[in-house]
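Report on the structure
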Amino acid sequence: MESTDEHAMESDTDLISVLPGEVLQHILSFSRIRAIVRMRRLSRRWRRVIECLQFICLDCRDFKHWKVEKFARFVDNLLLIRSKVDLHTFQLYWFHYLPLNCNDLRKWILYAVKHNVKVLDVELDMYDKTTLPSRIFTCRSVEELSLQMGEAPDEDLEHVGLVLPDIIQLPSLKKLTLSDVEVDQLSLNQFIGRSPNLEDLHLINSATYLDLIASKVLKRLTLDGFMHGPKRFTISAPHLVHFECQGCALQDVSWGEQPSLESAHIDTWGKKYDGESEFIGVLLSAKTLALFGSDVKVMLEKELPACPVFERLTTLEIGNWCLTEDFYAVLRFLQLSPRLGELTLMQKELPHAAGKGAETDAMPIDGMTFQCPLLETVIIQCSKGDDGIDKLVNVLAANGINPKKIQVTFYEDIEEMERPENRRIIEEREKELCNFEKMAKKNPEWVDESRYADSNPETDSDEYDNDYDDF
């Protein structure tokens, strides 16, 4: 008996075209935009599908040999053929050595806003204005907003990052990511106060002199790098489940209404900790923790002795101080983590490991024991030539950890392994693009998307329609 697949192949049935429009749009969201525009010539159905395209994803790597002006014409004409329907996603990633024209960028963003975009994601190497387009920040439809547009122009001496408008009102916003954008207390209050569904907030090299981050609905918070500071600030977010903090001193962070975090990644650079509120309290319910930095070590030494058990913790990454000289915090953590299954210890890289790394003396570990019956994986990361690692292995083995479960990896080897993998990813993408270009040349019946880009953007819409018949 013939299978359904064999029957479909013999009858030349187009199983893709018969799918519902919503499914086709989802499939197209994973395709190259240059391949998508060619599909208009397949059939009338595909023409309608492309003209109602819901996901516009523009990546400069797909236009590798194009001039900026040609790319701009391509985008202009792509937007012109779309029917007057809402747009779900507009993504633009531009890492070209030549910047995009500011007016073009604003025009495309305005188009997305006017068509009720839900996901607006723009990442540029350079944006040649200091003030961001104001219409972005009063868009009633946008649910996810990500702006990573480089630092403020070099000629601007007043601002380090890009500047937000005075009025911010995004009633549908659920996720916000800003990079190199000056976010002060007033603008943050507008984002939180006028976006009642904002659950994800990620500020990358953007926070400036914040005093308070207060939200009753925020669930995920990332603070990665600060402008002009930071100074001490308070987080009051009782429903927070994930917290990530890098680029500040731990003592600058205090908690108002404390959450019960499920995961946290903290990598700070302070050398002491004199926090007034107990930091460890927000970590007690976590399943996954990554804790790095010498001030984290000081905090743990201060608060772990009287700390309750981490009943839910299964994965722990800890270190970035000289573990071979000061192992107390790790041992105490292991004593309090009966369900721990995965442990990663990061020794401070040589030659920095020679120093203590914190303004406290090493705490004694004589007589300290622990039991982690569920611990299956232990990874120790260190530099080559670090002779003290055997000491860590011996301590773990003495407490019942099978040496076969302990894996020592070197930072130099990790870097060496990552390099060819990154190269492989780049080469695969370039190979795919090369194959696409060759296939386009071998199939002249395919419409050439370069006609899109060669069309005159100054012509009216009727002339565009004629051009697109050949597209």
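It should be emphasised that the depicted structure is a prediction, and the values quoted were computed from it without experimental measurement.

With that out of the way, let us pick up the overall build of the chain. Helix and strand counts for the chain stand at 13 helices and 19 strands. Going through the 471 residues of the chain one by one, you find that 48% of them count as buried. For the chain, long-range pairs separated by at least 24 residues make up 63% of all intrachain contacts whose partners lie at least 6 apart in sequence. Looking at the chain as shown, the accessible area adds up to about 23700 Å², and 49% of this sits on carbon and sulfur atoms.

Let us look at the sheet that holds strand S13 (residues 253-255). Sheet strands associate in pairs through backbone hydrogen bonding, adopting either a parallel or an antiparallel arrangement. Spatial strand order, S9-S11-S13: three strands in an open sheet with parallel pairing. The outermost strands of the open sheet, each flanked by one partner alone, are strand S9 (212-214) and S13. Taken over all neighbouring pairs, the strand axes of this sheet differ in orientation by 20° on average, direction set aside. Across three bridges, S9 lies against strand S11 (residues 233-236) in parallel orientation. Considered in S11, the bridge of Ala214 is made with Ser236.

Reported here for the largest pocket is a volume of approximately 300 Å³. For the largest pocket, the lining is made up of 17 residues, of which Arg32, Asp59, Arg61, Asp62 and Arg429 are closest to its centre. When contributions to the lining of the largest pocket are tallied by element, the ones reaching two or more residues are strand S1 (55-59), strand S2 (89-94) and helix H11 (411-442). Broken down by element, the lining of the largest pocket gets its largest block of residues, five residues, from H11. Counting only domains with at least three residues in the lining of the largest pocket, you end up with domain 1 (19-168) and domain 2 (324-350 + 371-439). Taken as a whole, the second largest pocket spans an internal volume of roughly 240 Å³.

Counting across every chain of the model gives 15 salt bridges. The shortest N-O distance in the salt bridge between Lys219 and Glu199 comes to 3.8 Å. A residue pair is termed long-range when its members are at least 10 positions apart, and Lys219 in the loop between S9 and strand S10 (220-227) and Glu199 in the loop between helix H7 (185-193) and strand S8 (200-208) qualify at 20 residues. According to the relative accessible area criterion, Lys219 is partly exposed, its value standing at 32%. The residue Arg220 makes a salt bridge to Asp200 at a minimum N-O spacing of 2.7 Å.

Moving on to the pairing of S11. Strand direction decides the pairing type here: S11 and S13, joined by three bridges, are parallel. For Thr234, the partnering residue across the bridge sits in S13 and is Ser254.

Before going further, it helps to examine the packing of helix H5 (residues 68-81) against helix H6 (residues 102-114). Closest axis-to-axis distance for the H5/H6 pair is 11 Å, and the angle between their directions is 20°. When the interaxial angle is binned, H5 and H6 end up roughly parallel. Seen along the crossing, H5 lies across H6 with a hand that is left-handed. For the pair H5 and H6, the contacting residues are Phe71, Ala72, Val75, Asp76 and Leu79 in the first and Asp104, Lys107, Trp108 and Tyr111 in the second. Of the residues assigned to the contact of H5 with H6, the class counts are six nonpolar, no polar and three charged.

With that settled, the discussion passes to H6. An ideal rise of 1.5 Å per residue puts 18 Å on 13 residues; H6 measures up with 18 Å between its terminal C-alpha atoms. Among the residues of H6, those classed as buried are Cys102, Asp104, Leu105, Trp108, Ile109, Tyr111, Ala112 and Val113. As for H6, its buried residues are in contact with H5, S2 and strand S3 (119-124). Where H6 begins, the side chain of Asn101 points an oxygen toward the backbone nitrogen of Asn103, at a separation of 2.8 Å. Residue Asn116 follows H6 closely and has a positive phi angle near 55°.

Attention now goes to the side chain of Asp121. Locating Asp121 in the fold gives a position in strand S3. Although Asp121 lies buried, it forms no salt bridge, and the closest oppositely charged side chain, Lys175, sits 8.4 Å away as judged by the N-O distance. Within the structure, the side chain of Asp121 is placed 2.5 Å from the side chain of Tyr93, a separation counted as a polar contact. When neighbours within four sequence positions are excluded, Asp121 is seen to be in contact with Phe90, Gln91, Leu92, Tyr93 and Ser146.

Okay, the packing of aromatic side chains next. Applying the stated criterion across every chain, the model contains eleven aromatic pairs. The interplanar angle of 75° and the centroid separation of 5.8 Å between the aromatic rings of Trp255 and Phe279 together place this pair among those described as edge-to-face. Placement of the pair is Trp255 in strand S13 and Phe279 in the loop between strand S14 (263-267) and strand S15 (288-292), with a sequence separation of 24 residues. Judged by relative accessible area, Trp255 falls into the buried class, the value being 7%. A relative accessible area of 1% places Phe279 in the buried class. Chaining the aromatic ring pairs together yields one cluster made of Phe63, Trp66, Phe71, Phe74, Trp94 and Trp108. Geometry around Trp66 places Lys70 over its ring, the cationic atom sitting 4.4 Å from the centre.

This part takes up the side chain of Ser206. With respect to the secondary-structure elements, Ser206 resides in strand S8. Here Leu178 takes part through its backbone oxygen, which lies 3.2 Å from a polar atom of the side chain of Ser206. Those residues within four positions of Ser206 in sequence are excluded, and the remaining contacts are Leu178, Ser179, Asp180, Val181, Glu182, Val183, Gly225 and Met227.

Conventions and cut-offs
Residues numbered from 1 in each chain as written. Predicted model: local features only at pLDDT ≥ 70, side-chain atom pairs only at ≥ 80, totals over all residues. Heavy atoms only, no water. Helix = DSSP H or I, 4+ residues; strand = E, 2+ residues; numbered from the N terminus. Buried < 20%, exposed > 50% of the residue type's maximum accessible area, 1.4 Å probe, protein only. Contact = heavy atoms within 4.5 Å. Areas by Shrake-Rupley, 256 points an atom, 1.4 Å probe, with all protein chains shown as cover. Pairing = 2+ DSSP bridges. Axes fitted to C-alpha atoms, helices over the stretch in contact; angles between N-to-C directions. 1 Å grid on protein atoms, 1.4 Å probe; cavity = no way out; pocket = protein on both sides within 12 Å on 5 of 7 lines; lining within 4 Å. Points joined across faces, edges and corners; volume = space filled by probe spheres on them. Domains from an automatic or database assignment. Salt bridge = Lys/Arg side-chain N within 4 Å of Asp/Glu carboxyl O. Parallel < 35°, antiparallel > 145°, perpendicular 65-115°, else oblique. Left-handed = near helix turned anticlockwise from the far one by under 90°. Nonpolar A, V, L, I, M, F, W, Y, C, P; charged D, E, K, R; others polar. Expected span 1.5 Å × (residues − 1). Polar contact = N/O pair within 3.5 Å; in protein donor to acceptor, adjacent residues only side chain to side chain. Lys, Arg positive; Asp, Glu negative; His and termini not counted. Phe/Tyr/Trp six-rings, centres within 6.5 Å; stacked < 30°, edge-to-face > 60°. Lys NZ or Arg CZ within 6 Å of the ring centre and 35° of its normal.

Taken by themselves, the reported measurements are silent on function.
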